[in-house]
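# Fold and geometry: a report
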Amino acid sequence: YTHTQKTIEGQPDLREVVAKPEAIDTLKGMLEQVILKGTGRRHLSPIAQKHDIRIFGKTGTTNDCKDAWFVGFVGNLVIGVFVGFPVPRPLGDDETGGKAAAPIAADFLDQYFTGKLWDGVKNPSKDRDLFIESIPFSQS
């Protein structure tokens, strides 16, 4: 499968296409359903509606409930949330990706799309076994 689009500068785009657009659309549809009707619906679906955005993502939990996560994207913004302890131990009863990580992702996205990202955010890692790490990025 070859890519024949031109870049903005008019030069050929020589990147290799690794998946057909139809396959990507199918995958995006599945990831969006996680948000709209699956484990992300409680926390992330309201954010998608509030900001009129499409959120694509997946929640997850290890079999022993020691880690929970959410990984997703909105346009070219990619977000990953991991909830767990430095020395693995159970998070607690029924702490899943949809219950532990999705609310953090929802809060982040809400703040991002309202322009309030990092207002009043404190790093609680000094008091507990919790890490908040961020990579600076710009919204284009």
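Here's what I pulled together on the structure shown here.

Parameters at a glance
Throughout this document, residue positions are counted from 1 along each chain, in the order its sequence is written. With the structure being a predicted model, the display of local features is reserved for residues of pLDDT at least 70 and the display and counting of side-chain atom pairs for 80 or more, all residues being used for whole-chain, interface and lining totals. Side-chain measures were taken over the full set of non-hydrogen atoms in the model, leaving aside hydrogen atoms and water. Strands here are runs of E lasting at least two residues and helices are runs of H or I lasting at least four, both read from the DSSP assignment and numbered beginning at the N terminus. In what follows, a contact means two residues having at least one pair of non-hydrogen atoms within 4.5 Å. Two strands qualify as a pair provided DSSP detects at least 2 bridges between them. Think of each axis as a best-fit line through the C-alpha atoms, taken over the contacting stretch in the case of a helix, with angles from 0 to 180 degrees between the N-to-C directions. Categorising residues by exposure relies on relative accessible area from a 1.4 Å probe, with only protein chains included: less than 20% of the type maximum marks a residue as buried, more than 50% marks it as exposed, and the intermediate range marks it as partly exposed. Every case where a carboxyl oxygen of Asp or Glu lies within 4 Å of a side-chain nitrogen of Lys or Arg is listed as a salt bridge. Stacked, tilted and edge-to-face are the three classes assigned to paired rings of Phe, Tyr and Trp, where Trp is represented by its six-membered ring and a pair needs centres within 6.5 Å; plane angles under 30 degrees give stacked, over 60 edge-to-face, the rest tilted. Think of it as the arc spanned by the lines of direction from the helix axis to the C-beta atoms. As used here, the term nonpolar core means buried Ala, Val, Leu, Ile, Met, Phe, Trp, Tyr and Cys residues forming a set that is joined through side-chain atoms within 4.5 Å.

The next subject is the environment of D67. Relative to the helices and strands, D67 resides in strand β2 (residues 67–74). When neighbours within four sequence positions are excluded, D67 is seen to be in contact with G60, T61, T62, F82, V83, G84 and L91.

Our focus in this paragraph is the sheet that holds strand β3 (residues 77–84). Ordered in space as β1-β2-β3, the 3 strands form an open sheet in which the pairing is antiparallel. The strands lining the two open edges of the sheet, one partner per strand, are β1 (56–61) and β3. Strand-to-strand twist in this sheet, taken as the mean axis angle between neighbours without regard to direction, amounts to 5°. Against the sheet, helix α1 (residues 21–36) makes contact with β1 and β2, and its axis sits at roughly 65° relative to β1, the strand it touches most.

Attention shifts here to the side chain of S45. Inspection of the secondary structure puts S45 in helix α2 (residues 44–51). According to the relative accessible area criterion, S45 is buried, its value standing at 8%. Contacts of S45, omitting those with residues within four sequence positions, involve I35, L36 and G40.

The next thing to look at is the pattern of salt bridges. All told, the structure shown has 4 salt bridges when counted by the stated rule. For the salt bridge of K66 with D64, the shortest nitrogen-to-oxygen distance reads 3.9 Å. Close ionic contact of K99 with D94 constitutes a salt bridge, the shortest N to O distance being 2.4 Å. Relative accessible area serves as the criterion here: at 48%, D94 is assigned to the partly exposed category.

The next point concerns the packing of aromatic side chains. Counting across every chain of the model gives 3 aromatic pairs. A ring pair is formed by F56 and F73, whose centres lie 4.9 Å apart and whose planes are at 20°; its orientation type is stacked. Separated by 17 residues along the polypeptide, F56 in strand β1 and F73 in strand β2 bring together distant segments of the chain. The class for F73 is partly exposed, based on a relative accessible area of 24%. Residues F108 and Y112 carry aromatic rings whose centres are separated by 6.3 Å and whose planes lie at 15° to one another, so their mutual orientation is stacked. Of this pair, F108 and Y112 both sit in helix α3 (residues 97–114), 4 residues apart, which is roughly one turn of the helix.

The set of residues buried in α2 consists of L44, S45, I47, A48 and H51. Buried residues in α2, looked at end-on, bunch into an arc of 160°, giving them a common side. Opposite the buried face of α2, at more than 90 degrees from it, the exposed residues are Q49 and K50. The inward-facing, buried residues of α2 contact α1, β2 and α3. Positive phi appears at D52, one or two residues downstream of α2, with a value of about 55°.

Right, let's get into the nonpolar core. Among soluble globular proteins, nonpolar side chains are generally buried collectively. Core analysis: the biggest nonpolar cluster contains 23 residues, and L44, I55, F70, I79, V81, V83 and L109 have the highest contact counts within it. The greatest single-element share of this core, amounting to 8 residues, is contributed by α3. Once residues within four sequence positions are removed from consideration, V81 is found in contact with A68, W69, F70, A101, I104 and A105.

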